[in-house]
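Structural characterization, general
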Amino acid sequence: MALLADLVNLNLSDCTDKIIAEYIWIGGSGMDLRSKARTLSGPVTDPSKLPKWNYDGSSTGQAPGEDSEVILYPQAIFRDPFRRGNNILVMCDAYTPAGEPIPTNKRCNAAKIFSHPDVAAEEPWYGIEQEYTLLQKDVQWPLGWPLGGYPGPQGPYYCGVGADKAYGRDIVDSHYKACLYAGINISGINGEVMPGQWEFQVGPAVGISAGDELWVARYILERITEIAGVVLSFDPKPIQGDWNGAGAHTNYSTMSMRSDGGYEVIKKAIEKLGLRHKEHIAAYGEGNERRLTGRHETADINTFLWGVANRGASIRVGRDTEKAGKGYFEDRRPASNMDPYVVTSMIAETTILWKP
Amino acid sequence: MSLLNDLINLDLSDTTEKIIAEYIWIGGSGMDLRSKARTLPGPVTDPSKLPKWNYDGSSTNQAPGEDSEVILYPQAIFNDPFRRGNNILVMCDAYTPAGDPLPTNKRFNAAKIFSHPDVVAEEPWYGIEQEYTLLQKDTKWPLGWPVGGFPGPQGPYYCGVGADKSFGRDIVDSHYKACLYAGVNISGINGEVMPGQWEFQVGPSVGISAGDQIWIARYILERITEIAGVVLSFDPKPIPGDWNGAGAHTNYSTKSMRSDGGIDVIKKAIEKLGLRHKEHISAYGEGNERRLTGRHETADINTFSWGVANRGASIRVGRDTEKAGKGYFEDRRPASNMDPYVVTSMIAETTIIWKP
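Residues numbered from 1 in each chain as written. Chains lettered and ligands numbered in written order. Predicted model: local features only at pLDDT ≥ 70, side-chain atom pairs only at ≥ 80, totals over all residues. Heavy atoms only, no water.

- An unreviewed UniProt entry annotates chain B as Glutamine synthetase of Hibiscus syriacus.
- Per its UniProt entry, chain B bears the Sequence similarities (unreviewed entry) comment "Belongs to the glutamine synthetase family."
- According to its UniProt record, chain B has this under Catalytic activity (unreviewed entry): "L-glutamate + NH4(+) + ATP = L-glutamine + ADP + phosphate + H(+)". (UniProt positions renumbered as here; feature names shortened; annotations may be inferred.)

- Looking at an unreviewed UniProt entry, chain A carries the name Glutamine synthetase, with the source organism given as Hibiscus syriacus.
- Database annotation for chain A, UniProt heading Catalytic activity (unreviewed entry): "L-glutamate + NH4(+) + ATP = L-glutamine + ADP + phosphate + H(+)".

1. Looking at the UniProt feature "domain: GS beta-grasp" (unreviewed entry) in chain A
- Mapped onto this numbering, the UniProt entry gives "domain: GS beta-grasp" (unreviewed entry) at residues 19-99 of chain A.
- Across residues 19-99 of chain A, the secondary structure splits into 0% helix and 48% strand, with the terminal C-alpha atoms separated by 28 Å. (Helix = DSSP H or I, 4+ residues; strand = E, 2+ residues; numbered from the N terminus.)

2. Focus: the interface of chain A and chain B
- Listed as interface residues are 45 residues of chain A and, on the opposing side, 48 residues of chain B.
- A buried area of about 3,900 Å², summed over both sides, lies between chain A and chain B, and 55% of it is on carbon and sulfur atoms.
- At the junction of chain A with chain B, the criterion picks out 5 salt bridges.
- Mapped onto the side of chain A that touches chain B, the elements with two or more residues apiece are helix 1 (2-8), strand 1 (19-26), strand 2 (33-40), strand 3 (53-56), helix 5 (208-228) and strand 9 (230-233) of chain A. (Contact = heavy atoms within 4.5 Å. Buried area = accessible area lost by both parts, 1.4 Å probe. Salt bridge = Lys/Arg side-chain N within 4 Å of Asp/Glu carboxyl O.)

3. Re the nonpolar core
- Formed by 69 residues in total, the largest nonpolar core has its most connected members in B:Tyr132, B:Phe200, B:Ile220 and B:Phe329.
- Top contributing element to this core by residue count: helix 5 (residues 209-228) of chain B, with 10 residues.
- Apart from the residues lying within four places of it in its own chain, the contact partners of B:Phe200 are B:Ile128, B:Glu129, B:Gln130, B:Tyr132, B:His175, B:Ile186, B:Gly188, B:Ile189, B:Ile214, B:Ala217 and B:Leu221.
- Judged by nonpolar contacts, the second largest core, of 61 residues, contains A:Val230, A:Ala269, A:Leu273 and A:Ala348. (Core = buried A, V, L, I, M, F, W, Y, C linked by side-chain atoms within 4.5 Å. Buried < 20%, exposed > 50% of the residue type's maximum accessible area, 1.4 Å probe, protein only.)

4. Describing the pairing of strand 5 (residues 88-95) of chain A
Residue and element names in this part refer to chain A.
- The buried fraction of strand 5 amounts to 8 of the 8 residues, a majority that puts the element mostly inside the structure.
- Neither face of strand 5 is exposed, since Ile88, Val90, Cys92 and Ala94 on one face and Leu89, Met91, Asp93 and Tyr95 on the opposite face are all buried.
- Two strands pair when backbone bridges link them, and strand 1 and strand 5 are joined in this way by 4 bridges, in the parallel orientation. Residue pairing for strand 5: isoleucine 24 is matched across the bridge by methionine 91.
- As defined by bridge partners, strand 4 (residues 69-79) adjoins strand 5 across 8 bridges and the pair is classed as antiparallel. If you follow alanine 76 over to strand 5, its bridge partner there is methionine 91. (Pairing = 2+ DSSP bridges.)

5. Digging into the UniProt feature "domain: GS catalytic" (unreviewed entry) in chain A
- This chain's UniProt record puts "domain: GS catalytic" (unreviewed entry) on residues 106-356 of chain A.
- The span residues 106-356 of chain A is 38% helical and 19% strand by assignment, and the distance between its end C-alpha atoms comes to 24 Å.

Quick look at the structure:
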């Protein structure tokens, strides 16, 4: 298959100016990523210079067969770590031919919130900790777990090393470099408490780019697991019982929170979030009730509580922030299958725009 | 096998002026590609400068044993993505020693149609969407499907990502770059609705080159699947039941259609095609009746219909074209195993030359 690798790795810059652009969008379930590629006549770095495109929405649950065209608007460009050269990945969102965002397009509304002058003035930063589980293909049982059985209980696996403790590191490490190559602001990775579960963090990212970067990071991860022959799961509680779930803790700050006296702003923001707990939880990912039980480093789904350094709380404030009197806080409620456009914009909306 | 790769990848430009030319032709079934290679004393870029050649037609069902020589006329040159350097692929068509095109030589008649002054004046453009299915060697069951069973129903696979949704991407991606390297005007690729099925698009190409480029792209694809140990199928309905078929939708426009007021020229052209529906269908690929059922995004084989953005019609006009009042249309009837020389020239003949 090395011959195939020679072809996949051909550097076309020597023989043509043409580039390949992979347009990426979110399908009808709100979590299924889709993509297809097209040839462009030369390198492009500005998304507004990319052509709009369209796809068959009737095949993704997003349009009827007799009126199936859904239009793709390019929103952000990243370097393609698989094709390299001048080839690109393009994060898009989806519209009807009339120019209306389709119902599953959560980016459009998020972009509106982020362009509100009050929000823009506060320059909201996000750091998202994306957890995920790797599953063996065909059996859908976690990677490294014995078929028909379970590994030893949680304990040795968090940040663990060794063939009996870390499963799938090649996927995680290639993802890390691929994301850096792509231009995603990936800030770190670690092995998680449940064996076969991992985490990467993206941020700090400002406003709408947090969602764009997280979605493209998810896309790159799924392309890599595809190569590895392993299945990627964003289920928030993949294995019932005494096994951790998977979340997408969202760290957040505004300019006021990062400035002197910011700790008071943080406390007020957390109060507002507490008043809208139910609304946020409803938008924080399907199946989260299986994960937010009050055990396994979560807060119960019906309870809103916050605390410094408290991993059993809905919202955790770090000791650094408490000490400095300014900084950021961590919303631990979002599930791994949350939509970052929804979560990031909702946190901004509630804490900056909403009046109780 | 890396020693073998070293030899295959030898760059001969350092040691000799000689080049290798792979002559490609279509065999007796009209779909089987054949090729053999010869050494030439130096680089060649003009097909008319290449020598004619011949092959044993009695081994391809194209000539009797006692008079077996079939003559190859070189028609188009492409860069060889497998041998690289100055080596070339040569698309040929086949003639008797007396100079007559063989019955299976569909290029000859197509070239005649494309040199008709009325056709030349209209500069017909083609964009062909070639669908195909990858099959596991030996079992001939689609790639990624469990042997003896079926994957989950269609839905997740169109443009899908992930080890459980996308089967054979390395073949598709190496084909994309190999075609660009070769000089084929490949405009894009996407995963199709049925798992294990893919599509690439070639175009826009003018006149006879549409056929040349599709045949070369098919040849490159079959060489790549050969490397991958996977079988390539152009059958229009590889799996009966609730699984999409494979087509070769042919997008078409003439200069008049691309100019202001073109939408009326398009409508007139579609009318003419409607009057010759049976003739076109009989030339649009063997076994198409298993595919054109009226379900799975096709129009029933006995019905001629057209519509804007309607994937269930025989002919689809895109919303862009409708909005701009000019553009192109898509003939969705051709099967994946159609001969592009036949289909492209017939569409030109019916819409430009034929009078009802």
